[in-house]
Amino acid sequence: MSTYRLDYLDELESEAIHIFREVAGQFEKPALLFSGGKDSITLVHLALKAFRPGKFPFPLVHIDTGHNFPEALLFRDELVKQIDEKLIVRCVEDTIRTKQLTEQKGKFASRNQLQTYTLLDTIQEFGFDACIGGARRDEEKARAKERIFSVRDEFGQWEPKRQRPELWNMYNGKIHKGENVRVFPISNWTELDIWNYIRREKIALPSIYFSHDREVLEYEGQYVAVSDFIRIDETDVIATRKVRYRTVGDMTCTAAVLSDASTVEDIISEIITTKTSERGETRIDDRFSEAAMEDRKKNGYF
C-alpha cells in the first residue's frame, strides 16, 4: 500500500486554510484585503480551496491609492469576474478630498501613509472585525514581529509589545467592541515559498511580474517606472530596460529589477541566488528610516 507524504508546501497550504476557516468561525464581518499582487492572489487561491464550492464568507477589499500599475488593476477585475466574488473598492483620492488631507511632496510622492485613513474609514463603514492580508514575516523587520492574529485597538493602532501568544496553532480572536484583527495566513511563507506554490498550483499573475521592456527612471541604483505620478527633472536618466517587479505596490514607490526572467522557473532561479529581500531591493518608501514600516503600522497601516 502506497502512502502520501506531505511536503512543506502542503504543510504551508494546510496551515493557511486552517487560518482562513478560523477567521470564518471566529469573526462576524471579515474582509480580504486585495491589491492584485502575487501574495493577495495566492490568498484568493487558498480561500478558494478553503471554501469552495461555497462562496467566500467575506468580500475582497481594495484600497485604491490612484497610483496603481494598470496591469494590476486589470488583473484584479478579471480575477474577481472569474471567481464571481464581491469586490469593494475605496479610493484614497476621495479620502484626501473629504478629509482635506495634505499629500506628500517630492520626486516620488507616495500616498502610502494616506491610505491608512481610507483603510480605517472602510473598516468603520462596513464594521469589519477582521482584515485578512498577504503580509509575510520575511518581507521586513516590523512584519517579522506580527502574530498571525494581530489585534488593533479602536483607533486601528498596533502595539508590538501587546501581541498575543499563539501556541499549537491556536488563535485568539476575542476583541472588544471597536477593535479589529489583522490576519496573515501566509505569514510563515517566504518569497521563494510563494513562487514554488505558484508554480505547483499554476496560479496566473499580472504580466509585470515577468520580464518586459519598460521605460524607467534610473535613480540611486533603482529603476522606477515613468508615469504621471512622479516628478521628472531635466537631469534624470530615462531609458527603456528589460525589467520585472518582485513586489507590486504603487508606481511612485515600487522599483523594478533588471531581469530576463520570463517564466516562473526563471524567477525561482533568480530568487535562489539573490541576497536582498523583495522590499529591501524595490520599495522606496521603506528607505525613509529604519523604522518606516513599523511607524506606519502603529498608525493603522496594514
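Scroll up a little and you will see the structure.
Residues numbered from 1 in each chain as written. Predicted model: local features only at pLDDT ≥ 70, side-chain atom pairs only at ≥ 80, totals over all residues. Heavy atoms only, no water.

S.K.: Help me get a handle on the pattern of salt bridges, residues and values and all.
M.R.: All chains considered together, the criterion is met by 26 salt bridges. A single salt-bridge network, built from bridges that share partners, covers Asp7, Asp10, Glu13, Lys49, Arg200 and Glu201. (Salt bridge = Lys/Arg side-chain N within 4 Å of Asp/Glu carboxyl O.)

S.K.: Hey, could you go over helix H7 (residues 191-201) for me, with residue numbers and the actual values?
M.R.: When you tally the buried positions in H7, you get 8 out of 11 residues, the bulk of the element. Within H7 the residues assigned to the buried category are Glu191, Asp193, Ile194, Trp195, Asn196, Tyr197, Ile198 and Glu201. Taken from the residues just after H7, Lys202 is the one with a positive phi, measuring 55 degrees. (Buried < 20%, exposed > 50% of the residue type's maximum accessible area, 1.4 Å probe, protein only. Helix = DSSP H or I, 4+ residues; strand = E, 2+ residues; numbered from the N terminus.)

S.K.: An account of the sheet that holds strand E10 (residues 255-258) is needed here, citing residue identities and associated values.
M.R.: As summarised here, the arrangement of the 4 strands in space is E7-E8-E10-E9, forming a closed barrel in which the pairing is antiparallel. Neighbouring strand axes in the sheet, compared pairwise and without regard to direction, differ in orientation by 60 degrees on average. Both strand E7 (residues 212-219) and strand E8 (residues 222-225) contribute to a ladder of 4 bridges, which runs antiparallel. Pairing of Glu218 across the sheet is with Tyr223, part of E8. (Pairing = 2+ DSSP bridges. Axes fitted to C-alpha atoms, helices over the stretch in contact; angles between N-to-C directions.)

S.K.: Describe the environment of Glu215, naming the residues involved and giving the relevant values.
M.R.: The topology assignment puts Glu215 in strand E7. Judged by relative accessible area, which is 44%, Glu215 ranks as partly exposed. C-alpha separation for the pair Glu215 and Ser227, spaced 12 residues apart in sequence, amounts to 9.1 Å. Those residues within four positions of Glu215 in sequence are excluded, and the remaining contacts are Val224, Ala225, Val226, Ile238, Ala239 and Thr240. (Contact = heavy atoms within 4.5 Å.)

S.K.: Could you give an account of a nonpolar patch on the surface, naming the residues involved and the relevant values?
M.R.: On the surface, Leu167, Trp168 and Met170 cluster together into a nonpolar patch covering about 430 Å² of accessible area. Mapped onto the fold, Met170 is located in the loop between strand E5 (149-152) and strand E6 (180-183). Of the residues examined, Met170 reaches a relative accessible area of 56% and is grouped as exposed. (Patch = residues over 30% accessible without salt bridge, like charges linked within 9 Å, V, L, I, M, F, W, Y side chains within 5 Å. Areas by Shrake-Rupley, 256 points an atom, 1.4 Å probe, with all protein chains shown as cover.)

S.K.: Lay out the nonpolar core in plain terms, naming residues and giving numbers.
M.R.: Of all hydrophobic cores here, the largest spans 56 residues; its most connected members are Phe20, Phe149 and Trp195. Listing elements by their share of this core, those giving two or more residues are helix H1 (8-26), helix H2 (38-51), helix H3 (70-83), strand E4 (130-132), E5, E6, H7 and helix H8 (264-273). For this core, the domains that each give at least three residues are domain 1 (8-192 + 291-298) and domain 2 (206-286). Ignoring any residue separated from it by four or fewer positions in sequence, one finds Trp195 in contact with Lys38, Leu205, Tyr209, Phe210, Val264, Ile267, Ile268 and Ile271. Residues Ile88, Leu114, Leu119 and Cys131 belong to the second largest nonpolar core, which totals 13 residues. (Core = buried A, V, L, I, M, F, W, Y, C linked by side-chain atoms within 4.5 Å. Domains from an automatic or database assignment.)

S.K.: I'd like to hear about the packing of aromatic side chains, residue by residue, with values.
M.R.: By the definition in use, this model includes 13 aromatic pairs. Judged by centre distance (5.1 Å) and plane angle (85 degrees), the ring pair of Trp189 and Tyr197 falls under edge-to-face. Each member of the pair, Trp189 together with Tyr197, is buried. (Phe/Tyr/Trp six-rings, centres within 6.5 Å; stacked < 30°, edge-to-face > 60°.)

S.K.: How would you sum up the sheet that holds strand E3 (residues 87-91)? Please name residues and give values.
M.R.: Sheet strands pair by backbone hydrogen bonding; their relative direction is either parallel or antiparallel. Sheet architecture is open: 6 strands sit in the order E3-E2-E1-E4-E6-E5, paired in mixed fashion. Pairing within the sheet leaves two strands with one partner each, and these edge strands are E3 and E5. The mean inter-strand angle of the sheet, taken between neighbouring strand axes irrespective of direction, is 30 degrees. As paired strands, E4 and E6 are joined by 3 bridges and run parallel to one another. Each residue of the ladder has a partner; that of Cys131, found in E6, is Arg182. Contacts between helix H4 (residues 92-99) and the sheet are confined to strand E2 (60-64) and E3, with E3 contributing the most and set at about 45 degrees to the helix.

S.K.: How would you summarise the layout of surface pockets if you had to cite specific residues and measurements?
M.R.: In this model, the largest pocket occupies a volume close to 420 Å³. For the lining of the largest pocket, the leading source of residues is helix H5 (residues 115-126), giving 3 residues. When the residues that make up the lining of the largest pocket are grouped by side-chain class, the tally is 5 nonpolar, 5 polar and 6 charged. (1 Å grid on protein atoms, 1.4 Å probe; cavity = no way out; pocket = protein on both sides within 12 Å on 5 of 7 lines; lining within 4 Å. Points joined across faces, edges and corners; volume = space filled by probe spheres on them. Nonpolar A, V, L, I, M, F, W, Y, C, P; charged D, E, K, R; others polar.)

S.K.: Talk me through the pairing of E6; I want residue IDs and the actual numbers.
M.R.: Residues Asn180 and Arg182 line one face of E6 and the alternating positions Val181 and Val183 line the opposite face, and both faces are buried. The pairing of E5 with E6 spans 4 bridges and is antiparallel. Each residue of the ladder has a partner; that of Phe149, found in E6, is Val183.

S.K.: Describe the packing of H1 against H7, naming the residues involved and giving the relevant values.
M.R.: For the pair H1 and H7, interaxial distance at closest approach is 11 Å and the crossing angle is 95 degrees. Relative to H7, the element H1 lies roughly perpendicular. Contacts between H1 and H7 involve Tyr8, Leu9, Asp10, Leu12 and Glu13 from the former and Asp193, Asn196, Tyr197, Arg200 and Glu201 from the latter. In the contact of H1 with H7, the residues fall into 4 nonpolar, 1 polar and 5 charged. (Parallel < 35°, antiparallel > 145°, perpendicular 65-115°, else oblique.)

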